[in-house]
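Residues per chain, in single letters:
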Amino acid sequence: MKIVATEKAPVALGPYSQGYTHGGMFYSAGQLGADPATGDLAEGIEGQADRACQNMAAVLEAAGTSFDKVVKTTCFLADMGDFAAFNEVYAKYFTSKPARSCVAVKTLPKNALCEIEVIAVVEE
């Protein structure tokens, strides 16, 4: 197993890593819509969804993979009323349409509006 870490995405907020590669697969931690340099959340659901996807792009790159190799995503929304707006942004990044679960949660870290995690294939 190999820990994946990059300064191009926010550091983990607790005792975990940004992700792991193992057996030709990448398993990510969730990415929020926070600026990697400041830790500040972007404004609104569109801004946070876009920033979360940018952060995930950086982690995928550090793992040696990319959006087109993602096979499964799990998305967490603080408000299911943001589902359509979130999907508009998500669709720009996940063009290969991986399998997905999307659930509403009571609260996300930093009171974020969304969080995204992925499983992707890594060419070893």
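Description of the structure in this document. (Residues numbered from 1 in each chain as written. Predicted model: local features only at pLDDT ≥ 70, side-chain atom pairs only at ≥ 80, totals over all residues. Heavy atoms only, no water.)

Describing the overall build of the protein chain
Phase 1 of the analysis: What the protein chain contains, in helices and strands, is two helices and seven strands.
Phase 2 of the analysis: The secondary structure elements of the protein chain, listed N-terminal to C-terminal, are β-β-β-β-α-β-α-β-β.
Phase 3 of the analysis: For 124 residues, the compact-globule estimate of 2.2 N^0.38 gives 14 Å, and the C-alpha radius of gyration of the protein chain, at 13 Å, lies within 12% of that figure.
Phase 4 of the analysis: Along the three orthogonal principal directions, the C-alpha set of the protein chain runs to about 40 × 30 × 20 Å.
Phase 5 of the analysis: Within the span of the protein chain, comprising 124 residues, buried residues form 42% of the whole.
Phase 6 of the analysis: For the protein chain, restricting intrachain contacts to residue pairs at least 6 apart in sequence, the fraction spanning at least 24 positions comes to 68%.
Phase 7 of the analysis: Carbon and sulfur atoms make up 54% of the accessible area of the protein chain, which totals about 6,500 Å². (Helix = DSSP H or I, 4+ residues; strand = E, 2+ residues; numbered from the N terminus. Rg over C-alpha atoms; globule rule 2.2 N^0.38 Å. Buried < 20%, exposed > 50% of the residue type's maximum accessible area, 1.4 Å probe, protein only. Contact = heavy atoms within 4.5 Å. Areas by Shrake-Rupley, 256 points an atom, 1.4 Å probe, with all protein chains shown as cover.)

Considering the pattern of salt bridges
Phase 1 of the analysis: Inspection of the entire model under this criterion finds one salt bridge.
Phase 2 of the analysis: We note a salt bridge from Lys-69 to Asp-68, for which the minimum N-O separation is 4.0 Å. (Salt bridge = Lys/Arg side-chain N within 4 Å of Asp/Glu carboxyl O.)

Notes on the packing of aromatic side chains
Phase 1 of the analysis: Inspection of the entire model under this criterion finds four aromatic pairs.
Phase 2 of the analysis: Ring geometry for Phe-86 versus Tyr-90: centroids 5.8 Å apart, planes at 35 degrees, classification tilted. Taken together, the positions of Phe-86 and Tyr-90, both in helix α2 (residues 83–93) and four residues apart, correspond to about one turn of that helix. No difference in accessibility class separates Phe-86 from Tyr-90, as the two residues are buried. (Phe/Tyr/Trp six-rings, centres within 6.5 Å; stacked < 30°, edge-to-face > 60°.)

A word on the environment of Arg-100
Phase 1 of the analysis: Along the chain, the position of Arg-100 falls in strand β6 (residues 99–104).
Phase 2 of the analysis: Overall, the relative accessible area of 27% leaves Arg-100 in the partly exposed class.
Phase 3 of the analysis: For the pair Arg-100 and Thr-73, spaced 27 residues apart in the sequence, the C-alpha separation amounts to 4.7 Å.
Phase 4 of the analysis: The contacts of Arg-100, once residues within four sequence positions are left out, are Lys-72, Thr-73, Cys-75, Phe-83, Phe-86, Asn-87 and Tyr-90.
Phase 5 of the analysis: A distance of 2.8 Å separates a polar atom in the side chain of Arg-100 from a polar atom in the side chain of Asn-87. (Polar contact = N/O pair within 3.5 Å; in protein donor to acceptor, adjacent residues only side chain to side chain.)

Some words on the state of the cysteines
Phase 1 of the analysis: For the structure on display, the rule yields zero disulfides.
Phase 2 of the analysis: Cysteine Cys-53 is unpaired, with the sulfur of Cys-114 as its nearest cysteine sulfur at 7.6 Å.
Phase 3 of the analysis: Note on Cys-114: relative accessible area 0%, which makes it buried. (Disulfide = S-S within 2.5 Å.)

Re the pairing of strand β3 (residues 25–28)
Phase 1 of the analysis: Here β3 shows a buried face lined by Phe-26 and Ser-28 and an unburied face lined by Met-25 and Tyr-27.
Phase 2 of the analysis: Two strands pair when backbone bridges link them, and strand β2 (residues 19–22) and β3 are joined in this way by four bridges, in the antiparallel orientation. Residue pairing in the sheet places Thr-21 in a bridge with Phe-26 of β3.
Phase 3 of the analysis: Between β2 and β3, which pair antiparallel one after the other, the connecting turn spans two residues, and Gly-23 there sits at a positive phi close to 60 degrees.
Phase 4 of the analysis: Bridge count between β3 and strand β7 (residues 114–121): three bridges; the pairing is antiparallel. If you follow Met-25 over to β7, its bridge partner there is Val-121. (Pairing = 2+ DSSP bridges.)

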